[in-house]
Amino acid sequence: MFNQREYAARQRERYRAEGLCVYCGSRAVIHGRTYCIRCQNSHVASQRRMRVRRVAAGLCATCGDAPLTEGYVTCPACREKARLYQRARKAGKAASGA
Ligand SMILES: [Zn+2]
Ligand SMILES: [Zn+2]
């Protein structure tokens, strides 16, 4: 049976292997990424639009599920997640380098 999702995943794998953008499959990727500059820009732009819409609706810019905290653009859960992520990143850097 034809599996759309599996087909898409396989296609992405092929693009990745060939160093092509996994979104459009027609341009070379940015070094160390899986997408090209064009797709990155449009992705960033759409993310930004979505964040603006969420905040305007009084919702967390990150998850869009919870109401945001006054003075912030994110909910407490997302801020906590971001904090842990930053800490993990710092810890990872310290462990791997220097
Ligand atoms: Zn692309
Ligand atoms: Zn959130």
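These figures come from a predicted structure and were not determined experimentally.

So, about the domain arrangement of the chain. Frequently, the measure chosen for interface size is the accessible area that the parts lose on association. Here the chain is described as being made up of domain 1 (1–56) and domain 2 (59–98). Computed over C-alpha atoms only, the centres of domain 1 and domain 2 are separated by 23 Å.

Relative to the helices and strands, Ala 88 is located in helix α3 (residues 76–96). Between the C-alpha atom of Ala 88 and that of Met 50, which follows or precedes it by 38 residues, the distance is 27 Å.

One broad rule of soluble globular proteins: the nonpolar side chains tend to lie buried together. Of all hydrophobic cores here, the largest spans five residues; its members are Cys 60, Ala 61, Leu 68, Cys 75 and Cys 78. Apart from the residues within four sequence positions on either side, Leu 68 is in contact with Val 55, Gly 58, Leu 59, Cys 60, Ala 61, Val 73, Thr 74 and Cys 75.

Our next topic: helix α1 (residues 4–18). With 15 residues, α1 should reach 21 Å at 1.5 Å per residue; the first-to-last C-alpha distance of 21 Å fits that figure. Burial runs low along α1: only zero of the 15 residues are buried. Of the residues flanking the end of α1, it is Gly 19, one or two places downstream, whose phi is positive at about 75°.

Parameters and conventions
Residues numbered from 1 in each chain as written. Chains lettered and ligands numbered in written order. Predicted model: local features only at pLDDT ≥ 70, side-chain atom pairs only at ≥ 80, totals over all residues. Domains from an automatic or database assignment. Helix = DSSP H or I, 4+ residues; strand = E, 2+ residues; numbered from the N terminus. Core = buried A, V, L, I, M, F, W, Y, C linked by C-beta atoms within 7 Å. Buried ≥ 20, exposed ≤ 12 C-beta atoms within 10 Å, placed from the backbone. Contact = placed C-beta atoms within 7 Å. Expected span 1.5 Å × (residues − 1).

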